[in-house]
Amino acid sequence: MDVLLATYNGAKYLRAQLDSLLAQTHQNFRLLVSDDGSSDDTLAILESYRVRFGERLVLVPNPHHGQGLVRNFENLMVASLHDGVAAWVAFSDQDDVWLPPKIELCLQEMVRMEQEGGAELPCLVHSDLTVVDEHLGVISESFATYQRMDPLQCSPLSLLSVNQVTGCTMMVNRTLLRMALPLPQDTIMHDWWCGLVSGSGHRRFVPTPLILYRQHGANQVGAKDRSLKTRLLRLLTNGQRIVRRVRVLGGATYLQAQALQLRLRALGLDEGYVSEYLAWRDGPLRARIFGYREYYVGPELDRLSRCLLWFK
């Protein structure tokens, strides 16, 4: 299997993540790394770990520096798929710490899924995380609880609006990788897109936290306190920006759903639930107000804000 590590100016925390990969109970993996044009010591640190990883550490050339996290991961996904060696890939951020059984437990679940449904179906495994501060002090034992999410209950339909697949915990099989590529221009995040593609196959959530999810103020996508009190305070102090961000996300989810519809059609797969979702999103507010709980999961404040502010 391949571990895909996308880096960019990650020198501050990168060593801890690399050490945690070397401490995995399952060591039969390659580490593919794509860098997005780091100007710090990221590349020097990677070079210093070559002795410890040996030939398992592969630096994947990235000819398009500066295109961001999604395209950096796409570069790794393409490299792994075209190489044809790995049956499964796991996605790694540069600033987290993987607990020792992370790969082993996810791989066991993946093999079990493929035995039950067949490796020709897209399969995805993801897990819970422990939210920690920049010094690895525990903020919350469970990311799912902290975010008020229930990944066990999310469906292909609800994933169209709300991503509950955390990329740094994610492992996918080769079939899903092939179906997901190339990432559409309207992909919001690579992990969200892979979660959507898994709707045509199998997705399984491991409720055990397998990663220390480091929060340090510069996360591309981080964990926020989603208690009602904290969220109302944020709305009062920064309401205009929050409303604007919610509306932008609404438009982006609509375009991403359209991209999924086109991909499923091209693959000859059922896209009926996506068409249903898009038709519902196109409807007037008076029609959407009665069905929003079916399509929008999560805290009620989130659901209502999407219903009122997501016009498409």
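One structure accompanies this document, and this report is about it. Given the structure is predicted, the values throughout are model-derived calculations rather than measurements.

**Structural notes on the overall build of the protein chain**
When you go through the protein chain residue by residue, the secondary structure sums to 13 helices and nine strands. Computed over C-alpha atoms, the radius of gyration of the protein chain comes to 19 Å, within 12% of the 20 Å expected from 2.2 N^0.38 for 312 residues, which places it in the range of a compact globule. For the protein chain, the spread of C-alpha atoms along the three principal axes comes to 65 × 45 × 35 Å. Among the 312 residues that make up the protein chain, the fraction classed as buried is 51%. Within the protein chain, contacts between residues separated by at least 24 positions form 76% of all contacts whose residues are at least 6 apart in sequence. Entry remark: accessible area of the protein chain is about 14,100 Å², with carbon and sulfur atoms responsible for 55%.

**Focus on helix α8 (residues 190-197)**
Burial within α8 is extensive, with eight of its eight residues counted as buried. What α8 keeps buried is the set H190, D191, W192, W193, C194, G195, L196 and V197.

**Digging into helix α13 (residues 300-309)**
Residues spaced three or four apart along an α-helix face the same direction, because each turn holds 3.6 residues. Within the sequence span of α13, burial applies to D302, R303, R306 and C307. Along α13, the residues classed as buried sweep out an arc of 130 degrees about the axis, all on the same side.

**Concerning the side chain of R281**
Within the element layout of this structure, R281 appears in helix α10 (residues 272-282). Look at R281: it is buried, it has no salt bridge, and the nearest opposite charge is D282 at 7.2 Å. At 2.6 Å, the side chain of R281 and the side chain of Y277 are in polar contact.

**A short note on the side chain of T42**
Structurally, T42 is set in helix α2 (residues 42-48). Relative accessible area serves as the criterion here: at 0%, T42 is assigned to the buried category. Among the polar contacts listed, one links the side chain of T42 to the backbone nitrogen of A11, at a separation of 3.3 Å. What T42 contacts, discounting residues up to four positions off in sequence, is T7, N9, G10, A11, L14 and D35.

**Some points on unusual backbone geometry**
With an omega of -10 degrees, the peptide bond running from L181 to P182 counts as cis. By the secondary structure assignment, P182 is in the loop between α7 (174-180) and α8. Here L136, not a glycine, exhibits a phi torsion of approximately 70 degrees, which is positive. Summarising the element assignment, L136 is placed in the loop between β6 (123-132) and β7 (138-140). Located in the positive-phi region is R148, a residue other than glycine, with phi close to 55 degrees.

Reading guide: rules and limits
- Residues numbered from 1 in each chain as written.
- Predicted model: local features only at pLDDT ≥ 70, side-chain atom pairs only at ≥ 80, totals over all residues.
- Heavy atoms only, no water.
- Helix = DSSP H or I, 4+ residues; strand = E, 2+ residues; numbered from the N terminus.
- Rg over C-alpha atoms; globule rule 2.2 N^0.38 Å.
- Buried < 20%, exposed > 50% of the residue type's maximum accessible area, 1.4 Å probe, protein only.
- Contact = heavy atoms within 4.5 Å.
- Areas by Shrake-Rupley, 256 points an atom, 1.4 Å probe, with all protein chains shown as cover.
- Arc of directions from axis to C-beta.
- Lys, Arg positive; Asp, Glu negative; His and termini not counted.
- Salt bridge = Lys/Arg side-chain N within 4 Å of Asp/Glu carboxyl O.
- Polar contact = N/O pair within 3.5 Å; in protein donor to acceptor, adjacent residues only side chain to side chain.

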